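Listed below, chain by chain, are the residues.
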Amino acid sequence: MNWDDETDTAPAERLVGAVADGEDTAVEAALRPKDLGEFVGQEKVRQQLDLVLKAARQRGATADHVLLSGAPGLGKTTLSMIIAAEMGAPIRITSGPAIQHAGDLAAILSSLQEGEVLFLDEIHRMSRPAEEMLYMAMEDFRVDVIVGKGPGATAIPLELPPFTLVGATTRAGLLPPPLRDRFGFTGHMEFYAPEELQRVIHRSARLLDVEIDTEGAAEIAGRSRGTPRIANRLLRRVRDYAQVKVDGVITREVASTALQVYEVDARGLDRLDRAVLEALLKLFGGGPVGLSTLAVAVGEERETVEEVAEPFLVREGLLARTPRGRVATPAAWAHLGLVPPAAQTGQQGLFGA
């Protein structure tokens, strides 16, 4: 079971949102895997990272700096904690938005112990002055502290103990090349296959003392958007339903009925996703339609539609972004059980219909 503490623009109460809400944060501490052997999925990243850490331990040195990129909820924070555990080192956790001045970073770096792991979440949102200080700290384990102001200001070099920086980002492209180049290992977290999510769900069910069969786990996994955090959130909601409405055992039928109550359909779409598709199909004949017009039609802000609903719909092949506007694909019509208008035949041909 793997996830992280990234933020995204989705409302925290959204059941299929990848951002961690208060309940997620409380439960995750108990469910996080403690070492790479327990970590499910991300096979390439896990194998490569295992080699990096084992080599560092054999040399008796600190591990190389690690950059983890990928969507929220895939396990970046979990891996950072595993890195610290594998190296037998303490971990310090902070985030890019919390470091607005170089002095903030200098205070953190100067208090690190030798070999300590510094986890910097949302590293792409760190201020530029702090970012430039980080270059020297990562490469030379040294920072220059400026004392005084104006012509009389003096730079005092401060030596740092060797440490390992683990940076996490949902937008690796926003990191400047000088910063990316200073990471010894870069791992990209992929979305999970349904089979991997089933393993995550079975593991979490054991820890939560929930009885679930294989088909029940498969049903939840298929609606989890390839994200462990969402899988665990859905598992907890289905557990509640099973506890109140049936005998507490989660089967396919129980999971399906429970998730219908929570408005999560068979492909993981929730109320907002379906509202966008229904407006696009029923009101605008499948498009193309402008983003602002679509947002007004569903009663949401433009940014909510663009940044919360659209990424998953595009990834699922239900919606396409074109220069003329948003267009529904044949898969969208099929998913909602609708038939494209005859006038749309030529346009839908663009998607292979």
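Structure: above.
This structure is a prediction, so every number in the text was calculated from the model and none was measured.

(A) Quick look at the nonpolar core. Leu79, Ile201, Ile212, Ile220 and Ile250 are the most contacted members of the largest nonpolar core, which totals 45 residues. For this core, the leading source of residues is helix H9 (residues 228-245), giving 7 residues. Every residue in contact with leucine 79, bar those within four places of it in the chain, is listed here: Leu36, Phe39, Val45, Leu49, Leu68 and Met189. In terms of nonpolar packing, the next biggest core, distinct from the first, is built from 24 residues, Leu67, Leu112, Leu120 and Met126 among them.

(B) Representation of the side chain of glutamate 310. Within the secondary structure, glutamate 310 is located in helix H13 (residues 302-315). Polar contacts involving the side chain of glutamate 310 include one to the side chain of arginine 326, which spans 2.6 Å. In contact with glutamate 310, other than residues within four places in its own chain, are Leu291, Val305, Leu319, Arg321 and Arg326.

(C) Focus on the packing of aromatic side chains. Summed over all chains, the structure comprises 1 aromatic pair. Seen in terms of ring centroids, phenylalanine 141 and phenylalanine 163 are 5.5 Å apart; in terms of plane orientation they differ by 80 degrees. Their pairing is edge-to-face. Of this pair, phenylalanine 141 sits in the loop between helix H5 (128-140) and strand E4 (142-147) while phenylalanine 163 sits in the loop between strand E5 (154-159) and strand E6 (164-169), and the two are 22 residues apart along the sequence. Relative accessible area serves as the criterion here: at 0%, phenylalanine 163 is assigned to the buried category. Its end group placed over the ring of phenylalanine 191, arginine 315 keeps NZ or CZ at 3.6 Å from the ring centre.

(D) Up close: unusual backbone geometry. One non-glycine residue with positive phi stands out, namely glutamine 42, at about 50 degrees. Summarising the element assignment, glutamine 42 is placed in the loop between helix H1 (22-31) and helix H2 (43-59).

(E) Seen up close, the packing of helix H11 (residues 271-283) against H13. Interhelical geometry of H11 versus H13 gives an angle of 90 degrees and a closest axis separation of 10 Å. The pairing of H11 with H13 is recorded here as roughly perpendicular in orientation. Contacts between H11 and H13 pair Leu272, Asp273, Val276 and Leu277 from the former with Thr304, Val305, Val308, Ala309, Phe312 and Leu313 from the latter. Counted by class, the contact of H11 with H13 contains 8 nonpolar, 1 polar and 1 charged residues.

(F) Up close: the sheet that holds strand E7 (residues 185-188). Reading across from one edge, E2-E3-E6-E1-E7 is the order of the 5 strands in this open sheet, with parallel pairing throughout. Two strands bound the open sheet, and with one partner strand each, they are strand E2 (91-95) and E7. Across this sheet, the average inter-strand angle for adjacent strands is 15 degrees, counted without regard to direction. As paired strands, strand E1 (residues 66-69) and E7 are joined by 4 bridges and run parallel to one another. If you follow valine 66 over to E7, its bridge partner there is phenylalanine 185.

Analysis parameters
Residues numbered from 1 in each chain as written. Predicted model: local features only at pLDDT ≥ 70, side-chain atom pairs only at ≥ 80, totals over all residues. Heavy atoms only, no water. Core = buried A, V, L, I, M, F, W, Y, C linked by side-chain atoms within 4.5 Å. Buried < 20%, exposed > 50% of the residue type's maximum accessible area, 1.4 Å probe, protein only. Helix = DSSP H or I, 4+ residues; strand = E, 2+ residues; numbered from the N terminus. Contact = heavy atoms within 4.5 Å. Polar contact = N/O pair within 3.5 Å; in protein donor to acceptor, adjacent residues only side chain to side chain. Phe/Tyr/Trp six-rings, centres within 6.5 Å; stacked < 30°, edge-to-face > 60°. Lys NZ or Arg CZ within 6 Å of the ring centre and 35° of its normal. Axes fitted to C-alpha atoms, helices over the stretch in contact; angles between N-to-C directions. Parallel < 35°, antiparallel > 145°, perpendicular 65-115°, else oblique. Nonpolar A, V, L, I, M, F, W, Y, C, P; charged D, E, K, R; others polar. Pairing = 2+ DSSP bridges.

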